[in-house]
Amino acid sequence: MSLETLILAAGKGTRMKSKLPKVLHKVGGKPMLQHVIDAARKAGSSREVVVIGAGAELVEKTISGVEFVLQEEQLGTGHAVLSAEKNFAESKGTVLILCGDTPLLTGELLKNFVANHESSTCAATVLTAKMPDPAGYGRIIRDTDGTFKKIVEDKDATDLEKKISEVNAGVYCFDVQKLFGALDKVNNDNAQGEYYLPDVLPILMEAGEQIGAFRAQYADETLGINSRVQLAAADRSLRMRKERELMDLGVTIIDPNTTFIDVDVQIGQDTIIYPN
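Definitions and limits used
Residues numbered from 1 in each chain as written. Predicted model: local features only at pLDDT ≥ 70, side-chain atom pairs only at ≥ 80, totals over all residues. Heavy atoms only, no water. Axes fitted to C-alpha atoms, helices over the stretch in contact; angles between N-to-C directions. Helix = DSSP H or I, 4+ residues; strand = E, 2+ residues; numbered from the N terminus. Parallel < 35°, antiparallel > 145°, perpendicular 65-115°, else oblique. Left-handed = near helix turned anticlockwise from the far one by under 90°. Contact = heavy atoms within 4.5 Å. Nonpolar A, V, L, I, M, F, W, Y, C, P; charged D, E, K, R; others polar. Buried < 20%, exposed > 50% of the residue type's maximum accessible area, 1.4 Å probe, protein only. Pairing = 2+ DSSP bridges. Core = buried A, V, L, I, M, F, W, Y, C linked by side-chain atoms within 4.5 Å. Polar contact = N/O pair within 3.5 Å; in protein donor to acceptor, adjacent residues only side chain to side chain. Phe/Tyr/Trp six-rings, centres within 6.5 Å; stacked < 30°, edge-to-face > 60°. Lys NZ or Arg CZ within 6 Å of the ring centre and 35° of its normal. Disulfide = S-S within 2.5 Å.

K.L.:
Talk me through the packing of helix α1 (residues 32-42) against helix α4 (residues 107-118); I want residue IDs and the actual numbers.
P.N.:
Orientation of α1 relative to α4, taken along the N-to-C sense of each, is 50 degrees, at an axis distance of 7 Å. The angle between the axes of α1 and α4 places the two elements in the oblique class. Like other packed secondary-structure pairs, α1 and α4 cross with a definite hand, here right-handed. Residue-level contacts link Ala-39, Ala-40 and Lys-42 of α1 to Gly-107, Leu-110 and Lys-111 of α4. Looking at side-chain class alone, the contact of α1 with α4 contains three nonpolar, one polar and two charged residues.

K.L.:
Residues and numbers for the pairing of strand β1 (residues 3-9), please.
P.N.:
In terms of residue burial, β1 counts as a mostly covered element, since seven of its seven residues are buried. Burial of β1 is two-sided: the residues Leu-3, Thr-5, Ile-7 and Ala-9 facing one way and the residues Glu-4, Leu-6 and Leu-8 facing the other way are all buried. Here β1 runs beside strand β6 (residues 94-99); their pairing, made up of six bridges, is parallel. Note on β6: the bridge partner recorded for Ile-7 is Leu-98. Strand direction decides the pairing type here: β1 and strand β4 (residues 47-52), joined by six bridges, are parallel. Across the sheet, Thr-5 pairs through a bridge with Glu-48, a residue of β4.

K.L.:
I'd love a proper account of the environment of Ala-84, names of residues and values included.
P.N.:
Checked against the element boundaries, Ala-84 lands in the loop between α3 (77-82) and β6. For the pair Ala-84 and Leu-6, spaced 78 residues apart in sequence, the C-alpha to C-alpha distance is 8.2 Å. The residues touching Ala-84, leaving out its near neighbours within four places in the chain, are Leu-6, Val-49, Val-51, Val-69 and Phe-180.

K.L.:
Explain the nonpolar core to me, and be specific about the residues and the numbers.
P.N.:
Counting residues in hydrophobic clusters, the biggest one holds 32 residues, and the most contacted among them are Leu-6, Ile-97, Phe-174 and Leu-179. Dropping the residues within four chain positions of it, Leu-6 is found in contact with Val-49, Val-51, Val-81, Ala-84, Phe-88, Val-95, Leu-96, Ile-97 and Leu-98. In terms of nonpolar packing, the next biggest core, distinct from the first, is built from 30 residues, Leu-33, Val-36, Ala-39 and Leu-105 among them.

K.L.:
Which residues make up the side chain of Thr-222, and what are the values?
P.N.:
Among the secondary structure elements, Thr-222 is positioned in the loop between β11 (211-215) and α7 (228-248). According to the relative accessible area criterion, Thr-222 is buried, its value standing at 5%. A polar contact is formed between the side chain of Thr-222 and the backbone oxygen of Ala-219, at a distance of 2.8 Å. Apart from residues no more than four positions distant in its own chain, Thr-222 is found in contact with Thr-102, Leu-105, Leu-109, Leu-127, Ala-129, Met-131, Ala-169 and Ala-216.

K.L.:
So, α1: which residues are in play, and what are the values?
P.N.:
Counting buried residues in α1 gives nine out of 11 residues, a clear majority hidden from the surface. Within the span of α1, buried status applies to Met-32, Leu-33, Gln-34, His-35, Val-36, Ile-37, Asp-38, Ala-39 and Ala-40. Note on α1: the residue one or two positions beyond its end, Gly-44, has a positive phi of about 110 degrees.

K.L.:
Lay out the packing of aromatic side chains in plain terms, naming residues and giving numbers.
P.N.:
Applying the stated criterion to the full structure yields three aromatic pairs. In this structure, Arg-47 packs its charged tip against the face of Phe-88, placed 5.0 Å from the ring centre.

K.L.:
Let's hear about the state of the cysteines: which residues, and what values?
P.N.:
Each disulfide is one covalent bond, formed between the sulfur atoms of two cysteines. Tallying each qualifying case throughout the model produces zero disulfides. Of all cysteine sulfurs in the structure, the one in Cys-122 sits closest to Cys-173, which takes part in no disulfide; the separation is 11 Å. The buried category is assigned to Cys-173, whose relative accessible area is 0%.

Following this line, the structure appears as C-alpha cells:
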C-alpha cells in the first residue's frame, strides 16, 4: 500500500518572537521541517506535500524535493488539510499527517505507527503519548476494552478527564479518500471560528468507521516546538541522540555535555572527540 505524507507548516509561530518562519528554525543543525520530512521518508513515504503560509517564499527557497501548497488564510488544521485536497485527488491508500514543528519524530516511530494503521480496518489512527504533564493537550478517551472513543480538548475536559495522561500527539494516519470525504462535513462552529482536523474523527465514527489509537513508546519524540526554550531543549535532545548513536558505532566522546555534533555528521570508528 502506498504511503503519502501531508505536513502542516503554515503557522506563524508567534511565541518564537522571530521574523524567521517557525519551521525553519534549526535543531541539530537543520530546519525543523527538514527533520519531519526525513522522518516521513524513513517511514516509507513516497511523496511529501507541505502546506505553507507564513514566510512561504522563504520556506520554498530553503526546502527542496517536496510539493508545496499555499494556505492563504490560517483557519485551523482542518482547513490546512482541505487546502491540499487537489493534490490528493488521485491518491489511494494511506496519508500520514504530520506537523512541521515536531523535529524529534523518528522514522522508526512513524514506520510502526503506519504499520499499525495499515494492519487494521480503521479509517483513521491517532498517534498518542503519555505525558508527565498533559495540561493543554487533548485527552484520549478509551472504552473499557481499550478502543478509541473520543478526544476531549483540555478546555472542555472534566476534572476527571483532566487526570488522563494519554494525549493526542497531533499525528494521524487516514484512508485518504475517507479523510477528504469527511472533511467536507467539518464546520467552524467554535469560539475560534476555525476548522479542526480532529473533528473528522466523530464524523467518520457516525458513518460506521473505526478509529484506532497507537501510543508512542517515548512521549518526548512527539513534542512540538512553540518557543525558544522548547527549541533549545529539542536541540539538546537531538544532539544527545546523535552522540549516543556515534558512541555505539565506536566513537569516543569524552564529554557529551560540551560536544555539539549536527545530526547528519559522520565520524569514523576510534575517533576521539574532546570537550568543547
